[in-house]
Structure formats: structure tokens, C-alpha cells
Amino acid sequence: MEKRTVYLKTFGCQMNEADSEQILGILGQSGYRSVDRPEDATLIILNTCAIRAKAEQKIFSDLGRLKVFKMKDPSVKIGVAGCLAQSMGERVLSRQPAVDFVLGTMGLDELPDLIEKSGRGEKGVSLAMSGNSEEVRPDAVRSSLVQAYVPIIYGCGNFCTYCVVPFVRGPETSRPVQYILKEIRGLAGQGYKEITLLGQNVLSFGKNSKENVMFRDLLHLTHDIDGVERIRFVTSHPRDMSLEIIETMARLPKVCEALHLPVQSGSDRILHAMNRGYRRRDYLEKLELLRENIPDIAITTDIIVGFPGETDNDFEETLSLISEAGFDHLFGFCFSPRPGTPAETLPDPVDPETARVRLEAVFNLQREISLKKNEAITGRVVEVLVEGPGRKDPAIFTGRTRTNKIVHFPGRSEMIGKLVHVKVEQGLPNCLIGRVDHQDKHKR
Ligand code: SAH
Ligand code: SF4
Ligand code: F3S
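Residues numbered from 1 in each chain as written. Chains lettered and ligands numbered in written order. Predicted model: local features only at pLDDT ≥ 70, side-chain atom pairs only at ≥ 80, totals over all residues. Heavy atoms only, no water.

**Some points on the nonpolar core**
If you look at soluble globular proteins, the nonpolar side chains tend to sit buried side by side. Put simply, the rule reads: Here the nonpolar core consists of buried residues drawn from Ala, Val, Leu, Ile, Met, Phe, Trp, Tyr and Cys, with membership extended through side-chain atoms lying within 4.5 Å. Only protein chains enter the area calculation, which uses a 1.4 Å probe; residues under 20% of their type maximum are buried, those over 50% are exposed, and those in between are partly exposed. Only DSSP runs of H or I reaching four residues or more are called helices, and only runs of E reaching two or more are called strands; each is numbered from the N terminus. Here, two residues are considered to be in contact whenever any of their heavy atoms come within 4.5 Å of each other.
One finds Leu197, Phe215, Phe233, Met249 and Leu290 to be the most contacted residues of the largest nonpolar core, which totals 55 residues. When residues in this core are grouped by element, the largest group, six residues, is from helix H7 (residues 177-189). Ignoring sequence-local partners within four residues, the contact set of Met249 consists of Leu219, Phe233, Met241, Val255, Leu259, Leu290, Ile294 and Ile297. Among the nonpolar cores identified, the runner-up in size contains 27 residues, and Ile59, Val92, Val99 and Val168 belong to it.

**Let's talk about the sheet that holds strand S7 (residues 147-151)**
We apply this condition: DSSP bridges decide pairing: two strands pair if at least two such bridges lie between them. Only the contacting stretch of a helix is used when fitting its axis, a line to C-alpha atoms as for every element, and angles between N-to-C directions run 0 to 180 degrees.
On the basis of which strands lie adjacent, the open sheet formed by three strands has the order S7-S10-S11 and parallel pairing. Looking along the sheet, the strands with just one partner apiece sit at the ends: S7 and strand S11 (230-234). Along the sheet, successive strands turn relative to each other by an average axial angle of 25 degrees, direction set aside. Pairing of S7 with strand S10 (residues 194-198), which is carried by five bridges, proceeds in the parallel orientation. By the bridge assignment, Tyr149 is partnered in S10 with Thr196.

**Considering the packing of helix H12 (residues 312-325) against helix H13 (residues 352-375)**
Heads up, the rule is: Put simply, angles under 35 degrees are roughly parallel, angles over 145 are roughly antiparallel, angles from 65 to 115 are roughly perpendicular, and the rest are oblique. Throughout, a crossing is termed right-handed when the near helix is turned clockwise from the far one, and left-handed when it is turned anticlockwise from it by less than a right angle. Lys, Arg, Asp and Glu make up the charged group, whereas Ala, Val, Leu, Ile, Met, Phe, Trp, Tyr, Cys and Pro make up the nonpolar group; the residues left over, Gly among them, are polar.
Two elements in contact, H12 and H13, have axes separated by 10 Å at closest approach and are oriented at 15 degrees. Comparing their axes, H13 and H12 come out roughly parallel. Judged by the twist between their axes, the crossing of H12 over H13 is right-handed. Side by side, H12 and H13 meet where Asp312, Phe315, Leu319, Ile322 and Ser323 of the first sit next to Arg358, Ala361, Val362, Leu365, Gln366 and Ile369 of the second. Looking at the contact of H12 with H13 residue by residue, the classes come out as seven nonpolar, two polar and two charged.

Spelled out as C-alpha cells, the structure:
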């Protein structure tokens with residue numbers, strides 16, 4: 001067989017990461033081996049994101065650079081997959097003619113056909129609105145050896161007014177429970193200790209299916225699987241966070257004390273315009289409930305600044321919410337108008353410079369809060385799942401606490417994939433520095 005190598009680059013969120021693992025699994029069946037450099041590849045695929053205009057620009061500038069490899073060797077094929085592919089369809093081909101095929105998010109099984117067609121010189125566009133096999137193939141190529149993402153719900157039905165996801169990922173659909181559990185059992189059997197249940201709004205799990213297994217039931221079922229030691233889930237919609245779910249999280253020891261709960265804004269007016277379905281007060285009350293039930297829980301969030309109509313006053317409310325909430329970490333973005341979304345055409349846009357200054361203020365405030373939170377952990381011994389050596393210094397290893405904080409510590413390769421106890425010696429805004437606690441009696 002001729003040499004078949006693929007260079008796959010992934011943009012965007014964990015959904016795309018999970019799809020990329022699937023894509024490599026599918027390609028593996030056709031004899032493709034994955035390579036790290038585009039110059040070594042016979043097939044180049046970008047798995048793209050459409051969430052903000054910046055993502056789109058980055059992808060087209062990458063394509064401009066990658067087409068050089070095709071000019072050198074015309075047998076090289078270039079494919080564009082993922083959310084931008086789904087939203088632009090054929091327009092990808094007219095904007096960058098070096099592209100051979102376009103593959104949307106919901107029909108990954110079409111990939112071998114598209115590649116075969118491109119071998120015959122035909123350009124293919126596949127934008128199925130459903131059809132991804134719900135059973136993840138056992139040969140999905142996982143990017144981490146210690147933690148795995150498991151999709152439980154596809155698409156999104158929330159239609160936040162700024163967001164393209166419902167348009168590029170289709171309606172909210174829960175994956176059949178038996179497939180989810182089968183995949184998790186398989187992963188546990190291979191030694192994966194940490195499982196992250198994945199979806200745009202995992203808390204909705206089961207609401208759109210006949211199976212009558214709700215999210216909290218799924219947490220129980222996952223908890224029952226031997227070998228799984230840590231359970232996480234992303235993303236949760238604040239509107240759907242209920243006392244029942246909070247109590248389930250608190251009751252199940254494998255469920256980690258960490259939660260990503262995107263608030264987006266601290267102003268009720270803006271939250272309403274975003275169609276988020278909760279008010280500032282509701283959100284803060286839920287945080288209180290979470291902290292009462294799960295005392296050490298770390299909370300992270302997403303913030304959008306510069307939504308159309310956001311006044312200085314609205315923005316002040318976002319800053320005050322960040323202070324009141326005391327997040328462990330946040331991801332902040334300037335609003336980016338996306339084609340086809342209701343917010344694209346809203347009046348009173350915030351000028352980009354004002355939005356940039358606001359985002360800067362958000363980051364500065366959060367930096368102080370994160371630093372204080374992480375400094376407060378100094379001296380404590382925390383459980384860390386070891387990922388591997390860091391990039392800068394191979395003797396310094398990286399892992400994560402149950403609260404999902406990154407920890408750097410001197411380590412050895414035998415520790416990879418194990419749970420160790422680390423004494424925290426320093427807390428920085430974005431990570432902890434420590435040392436393995438050898439006296440520790442709780443070592444596994
Ligand atoms: N389903 C998740 C995450 C969706 S995308 C959720 O509901 O929270 C991740 C983040 O990107 C969002 O939380 C939001 O903060 C940001 N985002 C989405 N659309 C955006 C847009 N048009 N402009 C700027 N930020 C956006
Ligand atoms: Fe987008 Fe809102 Fe769905 Fe999240 S919940 S993916 S922000 S529409
Ligand atoms: Fe981007 Fe698609 Fe995720 S638009 S953020 S890759 S769901």
C-alpha cells in the first residue's frame with residue numbers, strides 16, 4: 001500500500017478534540033498513520049471552530065500556508081472538517097481552492113468516501129445533519145493516556161443569541177446510555193482513571209430521550225464502574241444546575257470538586273438579551289448552594305464583554321459579579337458577531353477598543369482573585385493525577401488536582417497515569433508548584 005500519513009490539526013473546544021480522536025480512528029482503519037508535521041503528510045485535515053471571527057481568520061491563514069505542501073506534491077490532499085466546515089459548506093472551496101473536501105460535524109463516517117473522491121480529482125462536500133454513529137469506535141485514537149473525554153450529548157438547543165453552536169452542531173441529542181457506559185468500561189479497562197462527560201449542556205442529558213436516565217443517574221452509573229477514579233463533566237448551563245444534581249455531586253466521592261459554570265455577564269439586562277434564562281441573583285444563589293454542599297469546590301466560568309448594548313454600568317456589574325463569585329479561573333472573550341445568529345444584527349455595537357479595555361480589566365481582576373485562591377492552598381497536600389513531563393524541563397512533571405488546577409512538581413516517568421500526593425509550596429495565578437509528599441500515608 002502507498003504511504004498514508006495524516007496531519008490533523010484541531011481548533012476549538014473539547015467537542016472537536018473528541019471528534020478528532022474519532023477521525024484518527026476512522027483513518028487508522030484505512031491505513032493512515034498520524035504525523036506531527038504537515039510536510040510529512042499525504043493528507044492534511046483541519047478540524048475547525050466557528051465560535052468567533054478570530055477562529056475563522058486563523059483557519060484560512062493556516063490553509064494559505066498549508067497549500068504550499070500541495071503545490072510541492074499535488075497528490076497531497078487537504079480537507080476541512082468541523083464547525084466552520086459545517087457553517088460555510090461549499091464556500092470553503094471558493095475561498096481556498098486548494099481545499100479538496102469539506103466535512104461537517106455530523107457525518108464523520110463520510111470521510112473515507114470524501115478521500116476516495118478526492119483521489120479521483122473530485123471535490124466533495126458532506127454536510128449531513130445527522131448520522132454520526134453514536135457508538136464511539138473502540139479504536140478512537142486518544143490524545144491523553146490518563147484522562148478521556150466521553151461525549152454524552154450532541155448539539156445544543158439553547159440558542160443563546162450570540163452563539164453558532166446550535167446551527168453547526170444540530171439539535172440537542174442524548175447519546176444512548178448503553179454506548180456511553182460501554183465506552184467508559186472500555187476506557188477503565190485500558191487504565192484511564194479520569195473520565196470527563198462531554199457536551200454543550202451536559203445537565204440536559206436525558207431530557208430529550210425516552211430512556212428516562214437523567215444526568216444525575218448517569219453520574220451514579222459512571223461512579224459504579226470499577227477503575228474510574230475521577231469523574232468530571234463539561235459544560236453545565238447555570239439554568240439547569242439543580243439542588244438534586246448538586247447533592248448527587250456531593251454524595252459521589254469520584255465526582256471531582258470542580259465545575260465550569262459559564263455566567264457570560266453580571267448584568268440582568270445583558271443576560272436577558274443573550275437569552276441565557278437566569279438572572280445574576282439566580283447564578284450567585286446556585287454558587288452558594290454548590291459551596292454549602294461541596295465545600296472545596298473550584299468554580300470556573302466564561303465571560304463575554306462588549307455584547308451589543310453593554311453599557312459601562314452593565315460592565316461594572318460583570319466586574320462586581322466576578323468579585324462576588326470568587327472564581328478560581330475564567331475564560332474571557334470579546335463579543336464576536338457570528339453570521340446567522342440573532343445578536344449579529346442587534347443595535348448599539350460596542351466599539352472594539354472599549355471591548356478590549358473591558359476584557360483587559362476582567363483578566364486583571366481575575367488574576368488577583370486566582371492568585372489569592374492558589375496562595376491559600378500553599379502548605380496543603382493535594383491529590384494529583386500525573387500527566388507527564390512538562391515541555392520546558394523534562395524533570396518537572398505536570399498533573400491536575402481534583403479541583404482541576406495544574407500542578408508542576410519534580411517527577412519520574414513511573415508516576416504517569418498514577419495518583420500521587422503533592423505538597424503545594426507555591427500558588428501562582430495559573431498553576432501550583434509543589435513536591436511529592438513522600439511521608440504520605442494515603443498513597444495508592
Ligand atoms: N456550551 C458552552 C460553551 C460554548 S462556547 C456554554 O454554554 O457555556 C464557549 C464560550 O465561548 C461560551 O461560553 C462563550 O463565553 C463564548 N462565545 C460563544 N459565542 C461567542 C461569540 N459570538 N462571541 C464571543 N464569545 C463567544
Ligand atoms: Fe452556545 Fe448557549 Fe448552547 Fe453554550 S448553551 S453552546 S453558549 S447556544
Ligand atoms: Fe468551536 Fe464548534 Fe466547539 S464552534 S467551540 S469547535 S462546538
